[in-house]
Amino acid sequence: MNNNYLILVLIVYLLVIGYLSLLKPRYFSIRKLYLFRCLFPSWKFYEDICYQPLLYYRLADDGKNFQQWQLCIEKLDRSWNKLFLNSNANLVHAYGSLVQQLENDKEEIEEGREKDLVSSVSYKLVKNLVEDRIKDQAKFFQFKLTLTMQGLPQDNADILVSIVHEVQ
Amino acid sequence: MEISTALYLTKQIISYAIILQTIELFQIRKSFSDQGVWRWENLKVEFEIFSKLTQKILAFTLKYENFLVLLSLRLVAAIYLIFYSNAFLFLYLLISTLLISLRWRGTFNGGSDYMTIIVLSALTFDSFFSTASDKVSLAAMWYITIQICSSYFISGVVKIRRSNWRNGAALRGFMSSTIYKYNAVSKLISDNKIISIILSWAIIIFEVGFVLALLNPLLCVGFIMFALAFHLANFYFFGLNRFIFAWLACYPALLFCSGL
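Notes on the structure follow. Please read these numbers as outputs of a predicted model, since none were measured by experiment. (Residues numbered from 1 in each chain as written. Chains lettered and ligands numbered in written order. Predicted model: local features only at pLDDT ≥ 70, side-chain atom pairs only at ≥ 80, totals over all residues.)

Summing up its helical and strand segments, chain B has 14 helices and 0 strands in all. Helices and strands appear in chain B in the N-to-C order α-α-α-α-α-α-α-α-α-α-α-α-α-α. On C-alpha atoms alone, chain B measures out to a radius of gyration of 20 Å, which is about the 18 Å that the 2.2 N^0.38 rule sets for 260 residues. Split into buried and exposed, the 260 residues of chain B put 49% on the buried side. Of the contacts formed within chain B by residues at least 6 apart in sequence, a portion of 68% connects residues at least 24 apart. (Helix = DSSP H or I, 4+ residues; strand = E, 2+ residues; numbered from the N terminus. Rg over C-alpha atoms; globule rule 2.2 N^0.38 Å. Buried ≥ 20, exposed ≤ 12 C-beta atoms within 10 Å, placed from the backbone. Contact = placed C-beta atoms within 7 Å.)

Here's what the structure looks like:
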C-alpha cells in the first residue's frame, strides 16, 4: 500500500477500535438485538479464561433414588478428516452456547422469581438436550449446571439444579 | 492482483464455504427437528417480541420442514454461484444466513457467522451496484479488508492486556477445556509453561501485527500463510473448521488492498 493518506486513516481507525475494545463490554439487554447479534460482530475471541458452565444429569427409575451425576456433553475425538465437514464438533459448540445462555438467563432472573427459569426457552432447550442424550435409559432425570474454571477442573460449584423431570 | 480477480476469488471461496456450512446443517438436522433440541415449538416463544406478521413469516420459514427447504435452496444457490454471478442469489444467501442465525437464537457458530455475513453483505452490495460506479467494488473490497484486519487486531489487543495471556495460563486453560479429548500435542502445550508462553506471544504478536499485511503484497502473502497455519491449529485444537473458510474468503480482498 503506497497511499500515505490511506495508511494514516488506517492507523487512526486501529487506534480507535483498539481503545474501544478495551472498554468494558455492554451486553445486549434488548431481546430483539440479541437475536440479531450476528449483525454486530464481536472479535474478542478467547479473551480470557473464565468460569465455564458444565452440564450434568442423573437418572432414576422411581424419581427418588438417583444414580451418580454424569457429564452430559462428552469430549470428542479429533481428526484431520473433519477439516471440511465437522458437524458434530459444531453441534457440540452449539450445545456449549446453549448451556452458557441458560447460565446467563439464570443470572438475569430476579431474586424470588427463580421458578420462572423453568419456563424460559433456554431451560426447555437444555431439558431437550439432556432428554436427547439419555434416550430411554430411565423414567426420571434431573440436570444441573456446574461452574468450572477453565484449566482448573477441581475448582467448581453448582449454580443450578433442575426439578425432577419425567422422560417424555 | 486485479480487483476483478479479487472479487472472483472471494465469490468462489464464500460459495464453497456456504456449501460446506449447509451440508453440516443437513448432517445435524435431527437437532432442530420437531423432536430435537432446538425444536420450533419451544423456540417460537422467543419471537413473540416481533409483530404478528413477522411472527407468521418467521414461523413459516423456520419450522422444520420449511427450514430444510430454505437450506436446500441455499445449497443450490451456492453451487450456482460457483459458475455464474447473480445479485439476487447473493442477497438470498445473505438473508438465509441471517435466518439460520435467528433459528439458532442469534448465531450458530459465532465468528464464522459474523464473517460470512460481512463477506456476503459486501458481495451483495457489489453485485447490485457495481455497474453504477467502479468505486462500489473498491468499497466492497475495503469493507472486507477492514473487517478482517479488525478481527485479528481486536482479538490481539484484548489478549495483550490480560496477564493470563502474557504468562501462558490462558492458552493452557483453553487447551484443557476444548470439546476434544486430550492427546499428546494438547497435553504438551497445556503441561509445558515455556511452550505455552512462546505460543501465546506468537499469537498476540501475529494478531496485533496482522494489519502490517497491508503494507505490501509480499508481506501480505506471508501473513496469509501464517494465518492459515493459525486457523488450521484452531481447527485441530478447538474444532473451528468453519472459521478457516469464512476467513479464507477475505484474503483476496486483503491481498488486493495491500497492492494499492
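Turning our eyes to something else, we now look at the interface of chain A and chain B. Taken together, the contact pairs 49 residues of chain A with 61 residues of chain B. Secondary structure elements with two or more residues in the side of chain A that touches chain B: α1 (4-22), α2 (31-35), α3 (87-108) and α4 (121-134) of chain A. The leading source of residues in the side of chain A that touches chain B is α3(A), at 8 residues. Per-class residue counts for the side of chain A that touches chain B are 25 nonpolar, 12 polar and 12 charged. (Nonpolar A, V, L, I, M, F, W, Y, C, P; charged D, E, K, R; others polar.)

Our next topic: the packing of helix α7 (residues 134-160) of chain B against helix α14 (residues 251-258) of chain B. Residues and elements named next belong to chain B. For the pair α7 and α14, the least separation of the axes is 8 Å and the interaxial angle reads 105°. Here α7 lies roughly perpendicular to α14, going by the angle between them. Contact residues: α7 offers M141, W142, I144, T145 and I148, while α14 offers A253, L254, F256 and C257. (Axes fitted to C-alpha atoms, helices over the stretch in contact; angles between N-to-C directions. Parallel < 35°, antiparallel > 145°, perpendicular 65-115°, else oblique.)

With that settled, the discussion passes to the environment of A:L102. All names here are of chain A. Structurally, L102 can be placed in helix α3. You can call L102 buried: it has 27 C-beta atoms within 10 Å. Here the alpha-carbon distance between L102 and S120, two residues 18 residues apart in the chain, equals 8.6 Å. Apart from the residues lying within four places of it in its own chain, the contact partners of L102 are S122, Y123, V126 and L145.

Another aspect to go through is the pairing of strand β1 (residues 51-60) of chain A. Along a regular strand, successive side chains alternate from one face of the sheet to the other. Pairing of β1(A) with strand β3 (residues 140-149) of chain A, which is carried by 10 bridges, proceeds in the antiparallel orientation. If you follow A:Q52 over to β3(A), its bridge partner there is A:T148. (Pairing = 2+ DSSP bridges.)

Right, let's get into α3(A). With 22 residues, α3(A) extends 31 Å between its outermost C-alpha atoms, agreeing within 8% with the 32 Å of an ideal straight helix rising 1.5 Å per residue. All buried positions along α3(A) are accounted for by A:A89, A:N90, A:L91, A:A94, A:Y95, A:L98, A:V99, A:Q101, A:L102 and A:E103. (Expected span 1.5 Å × (residues − 1).)

Here we come to the nonpolar core. Residue and element names in this part refer to chain B. V119, I144, W247, A249, C250 and L254 are the most contacted members of the largest nonpolar core, which totals 63 residues. Counting only elements with at least two residues in this core, the list comes to α1 (3-27), α4 (64-83), α5 (87-103), α6 (111-129), α7, α12 (217-238), α13 (241-248) and α14. Broken down by element, the residue count for this core peaks at 11 residues, all from α7. Those residues in contact with I144 that sit more than four places away from it in its chain are I118, V119, A122, C250 and A253. (Core = buried A, V, L, I, M, F, W, Y, C linked by C-beta atoms within 7 Å.)

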